[in-house]
Structure formats: C-alpha cells, structure tokens
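The residues making up each chain are set out below.
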Amino acid sequence: MKLSDFNYQLPENLIAQTPVSPRDCSRLLILNRASGCLEHRRFFNIVDYVAKGDVLVINDSKVIPARLIGNKNTGGKVEIFLSHMVSRTKGEEIWGCLIKGKHIKNGTEIILSSTFKAVVQEKINDVWLVTFNCSGVRFQKALEKYGQVPLPPYIKNLKNTYKNEYQTVYADTKHKGSVAAPTAGLHFTPRLLKELKKKGVIIKKITLHVGLGTFLPVRVSNIKKHQMHSEWVEVQKEVLKEISDARKRGNKVFAVGTTTVRSLEAAWKVSSSKDFSGFVNIFIFPPYKFKTIDGLITNFHLPESTLLLLVSALAGRQKILKAYNEAVKEKYRFFSFGDAMLII
C-alpha cells in the first residue's frame, strides 16, 4: 500500500481549536471492526462498552513545557522544540530538537535566560542535537520557568491558554517527559475513571514520553521505508500479566491512545513476563497482527500520518476511511482537542 491510500478530505473548520468542557462530553464514534457498523455517542457512554474484568491501559506521561524561545549572540530570535532526551550528565543534558531560526549551525549558542543556555550540535535528518547547561531537577525547573506548552501548529492560539487542558487528568508528575499530549486520554475525567472502576474495569498505567517524531509527516510514498523516531517507554510486568490474565478469563483489553498500543506491542515483543524500559521506534501499519489489545480509544488523526496507519492496521483501511468520512459528514471535531473514536 502507498501513503496516498491513507488520505481523506478534511474541512479546516472541523479542526478543533478549543477543548470541550467537561472533557467527557466530547462526541464518541463507535466503530465495530468486525461488522463495520458505526454508532454516535458521547465519551462518557464508554462505560457501556466495557465489562467487569476488562483491562483499560493508559499512558501517564506528563507534558513538559517543551517550546523555548531565545536569542543567538547576534540577537536573532530562535525557537527550540524539545523532542526527546538523548543523554544526561551531572551538569548538562542533550536533547534532540527541532529549531526555527536563521543561520543555525554546529556551535551556535542560544541564550534562553541569564543562567539558562544551549549550544547547537550536529543535525541528524530533521533533528538537531542541543546541549543545555543544566540537568535533572535544575533543567526541569528551567523548563517550567521559561518554557511553553507546545500546542500543535494547527491550533492557532499557541500561548499557554490551554496549559492545563493539554494534560490528562492522570498525568504523573514522576513521569514528566512528553512534548505532546497522549490526546486520547484528554477525554477522561476523575468522575468517569471512578465510574469505570466501580463497574470493575481494571485500569493499568504505562509510560511513553511522546516525542515530536510521532507527529512528523511521512515523507516516503512507500510506507515500509518510513523510519519512526525513538521514544522512551516503561511497561511494568504486572501490566503485561494483567493482559495475559484477562485473555485467559475471556475479558478484553482496551488501550487508550496509539502511544499505549505501541508501548504494549513493543514490550510484549521483548517479553510478556518482564519489566520493560527503553527507547522504542515500533512502526505499526497494515497488515499487522496485534498481540496485546482488543480495542482502542483514540482521537481522529491527520491524513497520511503514522497514527492513521496504526488505527487502519487494527480496524482495516476501508472501514477507518468510511468512519472518518462519516465523522466529517456529521461534523465531528478533529485532532488533539477534538472528539474521540472507540474501536471495538
């Protein structure tokens, strides 16, 4: 299959610019991947589609203020978008970054504040390696003080207006590291999570620090030649055991978001009985046989994106495109602050 096989027409006015409040009142399109049947509900109705003993796996990574604005020594403005941490020592951290600015080269110093500075290193494909002059807690504090939440470019208001709304309610401060939100989780509220637990749904957490590589466009027509950027993943063996146990007793496993799917599939591939941590660049596209999930909660994704390829691998390309065309017809809201889909 070619990349162009995963295209669809989306009117610009359907790209959500603001979040829904309350979060769980967003619309929910149900897609039955066996029959292809569609249902139109609200997100809080998701309780009706899970049973006691089913497992719901969420990504608890917390978004960091990964957009930094500084100046070169010559005064030119530079924007740095953190993608993923490469290494850390006692006095500095090296990150892979996207950079906007003129005449950037190896050795360019970027002044972010009187005490927070960065030096540009080599460029590898789309990503620059950038060394920052602090690490660990000091680096996190500097980000909190000088950084901005990097909302996606299709959201016109790029300020910190929606700083809180661009975090899941279960984001863990111990797991800071994402430069973009695992957006499928944005629809959950504490009340809805409580209702799911009351029904007997088992909620487990994994961590994948979302990098900008997740959202970089596919630039090859032959999808097999696309290379995913690596992202840090942590999956505890108890999560994998819960999945195995659910299968044995006839229950289903639901992943919240494509990041959770990729984490589980990568960890399971290594071992279904050990803790897993490491960088993952798994690329899921049709045909792919899933080992860990039965269903998926996800947002509506960009045309010709790796995320659209993943959901097509689960439900089938034609069924996904049919569902997306239906969503366009019914004026669903698309992308990060948009509505959701449940694939069962």
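Our structure's up above, just so we're on the same page.
These notes cover the structure that comes with them. (Residues numbered from 1 in each chain as written. Predicted model: local features only at pLDDT ≥ 70, side-chain atom pairs only at ≥ 80, totals over all residues. Heavy atoms only, no water.)

Under the defined criterion, the tally for this structure stands at 19 aromatic pairs. Plain terms: the ring middles of W95 and F139 are 5.7 Å apart, the flat faces sit at 25° to each other, and that makes the pair stacked. Of this pair, W95 sits in strand β7 (residues 93–100) while F139 sits in helix α1 (residues 136–146), and the two are 44 residues apart along the sequence. F139 carries the same exposure label as W95, and that label is buried. Three or more aromatic residues joined by ring pairs form one cluster here, namely Y8, Y154, F300, Y324, Y332, F334 and F335. Just above the ring of Y332 sits the side chain of R27; from NZ or CZ to the centre is 3.9 Å. Between the NZ or CZ atom of K291 and the centre of the ring of Y288, over which it lies, the distance is 4.6 Å. (Phe/Tyr/Trp six-rings, centres within 6.5 Å; stacked < 30°, edge-to-face > 60°. Helix = DSSP H or I, 4+ residues; strand = E, 2+ residues; numbered from the N terminus. Buried < 20%, exposed > 50% of the residue type's maximum accessible area, 1.4 Å probe, protein only. Lys NZ or Arg CZ within 6 Å of the ring centre and 35° of its normal.)

So, about the side chain of T108. Among the secondary structure elements, T108 is positioned in the loop between β7 and β8 (109–111). A residue is classified by how much of its surface remains accessible, and T108, at 10% relative accessible area, is buried. At 2.9 Å, the side chain of T108 forms a polar contact with the backbone oxygen of K105. When near neighbours in sequence (up to four residues on either side) are disregarded, T108 contacts K72, H103, A118, V119 and V120. (Polar contact = N/O pair within 3.5 Å; in protein donor to acceptor, adjacent residues only side chain to side chain. Contact = heavy atoms within 4.5 Å.)

This part covers the sheet that holds strand β2 (residues 38–42). The 9 strands are arranged β2-β1-β17-β16-β14-β3-β12-β13-β15 in an open sheet whose pairing can be described as mixed. At either end of the open sheet lies a strand with only one pairing partner, and these are β2 and β15 (276–280). In this sheet, neighbouring strand axes are inclined to one another by 20° on average, regardless of whether the strands run parallel or antiparallel. Looking at chain direction, strand β1 (residues 27–31) and β2 are connected through 5 bridges and run antiparallel. Its bridge partner being in β2, L28 is matched across the sheet by R41. Of the strands in this sheet, β1, β16 (295–299) and β17 (340–343) are in contact with helix α5 (residues 306–315), which crosses β16 at around 150°. (Pairing = 2+ DSSP bridges. Axes fitted to C-alpha atoms, helices over the stretch in contact; angles between N-to-C directions.)

If you walk around this closed barrel you meet the 6 strands as β5-β6-β7-β10-β9-β8, and the pairing is antiparallel. Neighbouring strand axes in the sheet, compared pairwise and without regard to direction, differ in orientation by 45° on average. Of the strand pairs in this sheet, strand β6 (residues 77–88) and β7 are connected by 8 bridges, and their pairing is antiparallel. Its bridge partner lying in β7, M85 is registered against W95.

Relative orientation of the contacting elements α5 and helix α6 (residues 317–329) amounts to 115°, with a least axis distance of 7 Å. Classified by chirality, the crossing of α6 by α5 is right-handed. Between α5 and α6, the contacting residues are L308, V311, S312 and A315 on the first element and R317, K319, I320 and Y324 on the second. (Left-handed = near helix turned anticlockwise from the far one by under 90°.)

For the coordinates displayed, the defined rule picks out 11 salt bridges. When the shortest N-O distance is used, the salt bridge between R88 and E93 registers 2.8 Å. Using a relative accessible area of 47% as the deciding quantity, one classes R88 as partly exposed. We classify E93 as buried; its relative accessible area is 0%. Salt bridges sharing common partners tie together D24, R191 and E195. (Salt bridge = Lys/Arg side-chain N within 4 Å of Asp/Glu carboxyl O.)

This part takes up unusual backbone geometry. The amide bond that connects S21 to the next residue, P22, takes the cis arrangement and shows omega of -5°. The residue P22 is located in the segment before β1 in this model. The linkage connecting P286 with the following residue, P287, adopts the cis geometry, with an omega of -10°. As for its position among the elements, P287 is in the loop between β15 and β16. Of note in the backbone geometry, E304 takes a positive phi value of approximately 55° without being a glycine. For E304, a relative accessible area of 25% corresponds to the partly exposed category. Residues other than glycine seldom take positive phi values, yet K331 does so here, at roughly 60°. The exposure class assigned to K331 is exposed, which follows from its relative accessible area of 57%.

Purely geometric numbers; function is a separate question.
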